[in-house]
Amino acid sequence: MDPFSIAGLIIAALGFIYLVFIGQKNIFDYLRDRRRKKNQSDQLQEIASTINDSSPTIPQNLPPRGDFVGREKEKKQVHEALGSRSFIIMIDGIGGIGKTSLALEVLHECLAASRQSENSENSVQTFDAFVWTSAKDHPLTLNDVLDTIARTLEYPYITQLSPEEKQHEVGKRLRQKSCLLIVDNFETVTDDALAKFILELPNPSKCLITSREQSLRQARAVSIRGMEHAEARQLIANEGSRLGLNLTPLADDEQNFARFY
């Protein structure tokens, strides 16, 4: 076969391949589309990898944590209490001393550890769910708490059941997973049924209470008092920054600071 015939066959073959695999696009458009599709594929693989490696979803309704200063000793005590065999832990202290802030800081540390599915080196306890309830702004009843637990654990149908069935179903869920129930401002609770429910909380779930008084002798209490001097100085500086005020002279003057502290 002469060279011209061979060249003709090669050109015909290349033309056929072009029409079948590339179509009417020029070679530059074809290569650009190939690169774009490869980039899209790489992005999809990266997203899929991120989803597979994502932290487990922990049912929770915790309020956001605020600025937190100091309380390292008390925070360690609460963590130790949550990791102990005690199933009721109480943070007590006078009004405005920082009970709720301390509880929220501890809870968000527990939530972060729970999302990593392992206890941290600092012995932060993990839970399968966190349910926040508060008696700060309105009277808190057992029915309120049961409804909040049901909704947070994503069993909304339980809220439509009778009181007896509701308590039975919630109790069953609390036995299946380790849930940390939080009752803020417990000293204002007047519903005896709620106190009884907390005292009979099924294992492995636990309850963390904030209260102005130690009203449950079965609870492991962590009492908080005034802040250390260094912590108070930091708190003053933070508040000054938040309010746009220069409080440095106040903190630096020992006599004024002592009165303010």
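Relevant structure appears above.
Below or above, wherever it landed, is the structure these notes cover. Owing to the predicted nature of the structure, the values given are computational and were not obtained by experimental measurement.

## Comments concerning the state of the cysteines
Under the definition given, this model contains 0 disulfides. Distance from the sulfur of cysteine 207, which forms no disulfide, to the nearest cysteine sulfur (cysteine 179) is 9.5 Å.

## Examining the pairing of strand β4 (residues 206-211)
For β4, the tally of buried residues reaches 6 of 6 residues, placing the bulk of the element in the interior. Side chains of β4 alternate between two faces, with Lys206, Leu208 and Thr210 and Cys207, Ile209 and Ser211 buried alike. The pairing of strand β1 (residues 88-92) with β4 spans 5 bridges and is classified as parallel. When the bridges of β4 are listed, aspartate 92 appears paired with serine 211. Where strand β3 (residues 179-184) and β4 come together, 4 bridges link them in parallel fashion. From the neighbouring strand, leucine 181 faces β4, where its bridge partner is cysteine 207. As for the winding sense of the linkage, the β-α-β connection from β3 through helix α7 (residues 192-199) to β4 is right-handed.

Definitions and cut-offs
- Counting restarts for each chain, with residues numbered from 1 along the sequence as it is written.
- Where totals are concerned, whole chains, interfaces and linings use all residues; where local detail is concerned, this predicted model gives features only for residues with pLDDT of at least 70, and gives and counts side-chain atom pairs only at 80 or more.
- Excluded from the side-chain calculations are hydrogens and water; all other atoms, namely the structure's heavy atoms, are used.
- Cysteine sulfur atoms that pair up within 2.5 Å are treated as a disulfide.
- Buried, partly exposed and exposed residues are distinguished by accessible area as a fraction of the type maximum, computed with a 1.4 Å probe on protein chains only: under 20%, between the cut-offs, and over 50%, respectively.
- Put simply, DSSP H or I for four residues or longer makes a helix, DSSP E for two residues or longer makes a strand, and each gets a number counted from the N terminus.
- Strand pairing is assigned whenever DSSP identifies at least 2 bridges connecting the two strands.
- Convention used here: a crossover is right-handed provided that the path from the first strand, over the helix, to the second strand proceeds clockwise when the strands point away from the viewer.

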